[in-house]
Amino acid sequence: MLNKLTKTLLNSLKYLPPEQIAMVERAIRTAGAAHHGQKRESGEEYLSHPLRVALILADLELDGNSICAAILHDVIEKSKAETKFIKKEFSATVANLVDGVTKLGKIQLKKSWLPFVKPKKEELREFERQTETLRKMFMAMSKDIRVVLIKIADRLDNMRTIEALEKEKRLRVARETQEIYAPLAYRLGMGEFKGMLEDLTFPILLPQEYRWAKELAIPEMSSRRKYLEKVKRMIEDDLSRAGIYAEIHIRAKHWYSLYKKLLKHDRDLSKIYDLIALRITVPTIEDCYNVLGIIHSRWKPLPGRIKDYIALPKPNGYQSLHTTVFCLGGKITEFQIRTEEMHYQAEFGVAAHWHYAEQKKSIKLPKSKLIWVQELARWQERLANLDDLKEGLEIDFFRDRIFVFTPLGDVKDLPVGATAVDFAYCIHTDIGSHCAGAKINGKMVQLNRQLQNGDMVEILTSKRAKPHSDWLSFAKTALARGCIRKALRAAT
Ligand code: MN
């Protein structure tokens, strides 16, 4: 099986230059040796997993460094020696990507949140706060966007093989995918990945609802499909007469997004017009508007349902023309019209941009023009605005903040340069004012030690301990400094 997978992977890498393919072959050998004898929980050879992750990214035509990093992504366990080795054998980029993926692997939902049955209101709010922080942390810790792409592909493969896990773990991984990975994919404009991830979590998290939605929609879907085949042939004739080259696809809606739409419409399937969508892909933007005109001259559009996302893209960069018409036999039907590039962008978002930017070197988009950068910036702003007033509006959120864990797995965000003392006050003023020592990642450290992203920090307290004046020389947050000053004044 490994041989077959390796062959498939190498076959799908034809878009890469020969020296990069050679590097990928070396990565496969290195990972093969590292995972030798290791098995997945399903019992299959461990190496099959990283190979499949690489294949997902190869289908997106990502660069050789990303493919190598995907193959090596589970190789690093503890030692720095492995990172050094990867840097020497492959490249600094591959080493950084693998390192980033390993670090992101530490970001997990707290076990106690799962399974998540009928939470109280305050619990729900706390849960949302935690997951939002985790999403922020995820982005903040991945300086290179390719790290996130590898991690999303990694999660996709893990979800595809989730049946092998025991129930509790399966629930945790599915919930985490739902709360962290699918929203991330969405925000990065990777609609297809968001859809695939959600459809994999749906039967695990809401098995009864999943069955209900499927039983409700499947009969309607097959009759819709037959109907749309007829519509498709009519449109094809019209377009070829107009001399427009087009590809027309008939595609069913993802199950989870169908389910959410059903909830919005009183569980009434007849109100869902895009159960199966007709998607028309054409070479140019001009063609898009021409196709819209041709459809409207044949069938009357529903008022208020024409959406020009080409002139006014969605916040995540999505572009298309949508229209809903009284179609053949008076049936209400939605059409989506877009260029091939828009299509690729809609399905693969950031990855598409990355890919197009790499390929079309001649166009030379300045970095600030890349939509994913804008998208991230927009997302950042939105997140900053979501923060409650107490935390203030941090515009430079990602640059100036670090994220650390409590021993219970809660995430705290602190300014860059924050120390164990800041962390102690951040948990509770009493913990700060009785702070006697600190452990970072299990090791005792000086209180003035600066914390790093992803550190697990534990504070040791003692009743007799009290703030020292020299804490002011390294405490970073206003909260800690204020409390220390207050305590010192009270002592004199
Ligand atoms: Mn993995």
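One can find the structure itself at the top, above this paragraph.
Predicted model, so just to flag it, every value in this text is computed and none were measured.

Student: Got a minute to help me understand the overall build of the protein chain in this structure?
Tutor: When its secondary structure is counted, the protein chain shows 19 helices and 10 strands. Of the roughly 25,200 Å² of accessible surface on the protein chain, 52% is carried by carbon and sulfur atoms.

Student: Looking at this model, I keep getting lost on the coordination of the manganese ion. Mind explaining?
Tutor: Ideal geometry at a metal centre gives angles of 109.5 degrees when four donors are arranged tetrahedrally and 90 or 180 degrees when six donors are arranged octahedrally. Protein coordination at the manganese ion comes from His49 (NE2), His73 (NE2), Asp74 (OD) and Asp154 (OD), with a distance range of 2.2 to 2.4 Å. Sequence spacing among the residues donating to the manganese ion works out to H-x23-H-D-x79-D. With His49 in helix 3 (residues 48-59) and His73 in the loop between helix 4 (64-72) and helix 5 (80-89), this pair connects stretches of sequence that are 24 residues apart. A residue is classified by how much of its surface remains accessible, and His49, at 1% relative accessible area, is buried.

Student: So what exactly am I meant to see when it comes to the packing of aromatic side chains here?
Tutor: Aromatic ring pairs are reported here in terms of the distance separating the ring centres and the angle at which the planes meet. Within this structure, the stated rule accounts for 7 aromatic pairs. Where Phe202 meets Tyr256, the ring centres are 5.2 Å apart and the plane angle is 75 degrees; that geometry is what we call edge-to-face. A residue pair is termed long-range when its members are at least 10 positions apart, and Phe202 in helix 10 (residues 191-205) and Tyr256 in helix 12 (residues 255-264) qualify at 54 residues. Consider the rings of Tyr256 and Tyr259, whose centres lie 6.1 Å apart with planes at 40 degrees: the pair is tilted. Of the two residues, Tyr256 and Tyr259 both sit in helix 12, 3 residues apart, roughly one turn of that helix. The same class applies to Tyr256 as to Tyr259, namely buried. Taken together, the ring pairs in this structure connect Phe202, Tyr210, Trp212, Tyr256 and Tyr259 into an aromatic cluster.

Student: Sorry if this is basic, but what is going on with the environment of Ile86 here?
Tutor: Its location among the elements puts Ile86 in helix 5. For Ile86, a relative accessible area of 2% corresponds to the buried category. With 10 residues separating them in the primary sequence, Ile86 and Ile76 have C-alpha atoms 9.5 Å apart. With residues up to four places along the chain from it excluded, the contact list for Ile86 reads Leu72, Ile76, Ser91, Val94, Ala95 and Val98.

Student: How do you make sense of the pattern of salt bridges when you look at a structure like this?
Tutor: A side chain with one charge may pair with a side chain of the opposite charge, provided their charged atoms come close. All told, the structure shown has 24 salt bridges when counted by the stated rule. In this structure, Asp157 engages Arg40 in a salt bridge whose closest nitrogen and oxygen atoms are separated by 4.0 Å. A residue pair is termed long-range when its members are at least 10 positions apart, and Asp157 in helix 8 (residues 145-160) and Arg40 in the loop between helix 2 (18-34) and helix 3 qualify at 117 residues. In this structure Arg40 comes out as buried when scored by relative accessible area, which is 13%. Of the charged contacts in the structure, one is a salt bridge between Glu192 and Arg251, with a shortest N-O distance of 3.2 Å. In this pair, Glu192 is assigned in helix 10 and Arg251 in strand 1 (residues 247-252), connecting sequence segments 59 residues apart. Assessed through its relative accessible area of 27%, Arg251 is described here as partly exposed.

Student: It is not clear to me how unusual backbone geometry should be interpreted in this structure. Could you clarify?
Tutor: As a rule of thumb, non-glycine residues mostly have phi less than zero, and peptide bonds are mostly trans rather than cis. Backbone geometry at Glu61 places phi at a positive 55 degrees, although glycine is not the residue there. Turning to its location among the elements, Glu61 is positioned in the loop between helix 3 and helix 4.

Student: Looking at this model, I keep getting lost on the environment of Pro183. Mind explaining?
Tutor: Positionally, Pro183 belongs in helix 9 (residues 167-187). Judged by its relative accessible area of 18%, Pro183 is buried. In the structure, Pro183 is positioned 15 residues away from Glu198 in sequence and 9.5 Å away in space, judged by C-alpha atoms. Not counting residues up to four positions away in its chain, the partners in contact with Pro183 are Arg135, Thr177 and Gln178.

Student: I keep staring at the sheet that holds strand 9 (residues 443-445) and nothing clicks. Help me out?
Tutor: Sheet strands pair via backbone hydrogen bonds, and the direction of the pair is either parallel or antiparallel. Across the sheet, 3 strands lie side by side as 9-8-10; this open sheet has antiparallel pairing. Strands with a single pairing partner mark the edges of an open sheet, and in this sheet they are strand 9 and strand 10 (457-461). Here the average twist between neighbouring strands, direction ignored, is 35 degrees. Bridge analysis of strand 8 (residues 435-440) against strand 9 gives 3 bridges, and the strand direction is antiparallel. Within strand 9, the residue paired with Ala438 across the bridge is Val445.

Student: Help me understand the sheet that holds strand 1, please; the structure alone is not making it clear to me.
Tutor: Across the sheet, which stays open at both edges, the 5 strands sit in the order 1-2-5-4-3 with mixed pairing between neighbours. Unpaired on one side and paired on the other, strand 1 and strand 3 (307-308) mark the two borders of the sheet. Note that strand 3 and strand 4 (residues 321-326) share 2 bridges and pair antiparallel. Within the sheet, the bridge partner assigned to Lys307 lies in strand 4 and is His322. Against the sheet, helix 13 (residues 285-298) contacts strand 2 (276-282), strand 3, strand 4 and strand 5 (332-339), and its axis sits at roughly 160 degrees relative to strand 5.

Student: Please clarify how the pairing of strand 4 should be interpreted in this entry.
Tutor: Consecutive side chains of a regular strand alternate in pointing toward one face of the sheet and then the other. The element strand 4 is extensively covered by neighbouring structure, given that 5 of its 6 residues are classed as buried. In terms of strand pairing, strand 4 meets strand 5 through 6 bridges, oriented antiparallel. Looking at the pairing, Thr324 lines up with Glu334 of strand 5. Counted along the chain from strand 4 to the antiparallel partner strand 5, the turn is 5 residues long, and its residue Gly329 has a positive phi close to 70 degrees.

Student: I would appreciate a short explanation of helix 11 (residues 207-241) in the present structure.
Tutor: Residues spaced three or four apart along an α-helix face the same direction, because each turn holds 3.6 residues. Between its first and last C-alpha atoms helix 11 spans 48 Å; for 35 residues at 1.5 Å apiece the expected length is 51 Å, and the two agree. Where helix 11 bends most, the angle comes to about 35 degrees, and this point is Ala217, followed within four residues by the proline Pro219. All buried positions along helix 11 are accounted for by Tyr210, Ala213, Ala217, Met221, Arg224, Tyr227, Leu228, Val231, Lys232, Ile235, Asp238 and Leu239. Where helix 11 is buried, its residues touch helix 10, strand 1, helix 12, strand 2, helix 13 and strand 5. Two residues or fewer after helix 11 comes Gly243, characterised by a positive phi angle close to 75 degrees.

Criteria and thresholds
In this convention, every chain numbers its residues from 1, walking through the sequence in written order. Only residues with pLDDT of at least 70 are given local features in this predicted model, and only at 80 or more are side-chain atom pairs given and counted; all residues enter the totals for whole chains, interfaces and linings. Side-chain figures throughout are based on the complete set of non-hydrogen atoms in the structure, without hydrogens or water. We count a stretch as a helix when DSSP gives it H or I for four or more residues in a row; a strand needs E for two or more, and each element gets its number in order from the N terminus. For the accessible areas, the method is Shrake-Rupley and the probe is 1.4 Å, while residue cover comes only from the protein chains on display. For Na, K and Ca the donor cut-off is 3.2 Å, while for other metals it is 2.8 Å, and in both cases only N, O and S atoms qualify; water is not among them, so sites may look incomplete. When a residue's accessible area, from a 1.4 Å probe over protein chains only, is under 20% of the maximum for its type it is buried; when over 50% it is exposed; and in between it is partly exposed. When two rings of Phe, Tyr or Trp (its six-membered ring) have centres within 6.5 Å they constitute a pair, described as stacked for plane angles under 30 degrees, edge-to-face for angles over 60, and tilted for the intermediate range. Here, two residues are considered to be in contact whenever any of their heavy atoms come within 4.5 Å of each other. Salt bridge, as used here, is a side-chain nitrogen of Lys or Arg placed within 4 Å of a carboxyl oxygen of Asp or Glu. Pairing between two strands is assigned when DSSP locates at least 2 bridges connecting them. Axis lines are fitted to C-alpha atoms, over the contacting stretch for helices. Their N-to-C directions set the angle, which ranges from 0 to 180 degrees. By this rule, a helix spans an expected 1.5 Å times one less than how many residues it contains. Bend is computed residue by residue as the angle between axes fitted to the seven residues ending at the residue and the seven residues starting at it.

None of this, on its own, says anything about what the molecule does.
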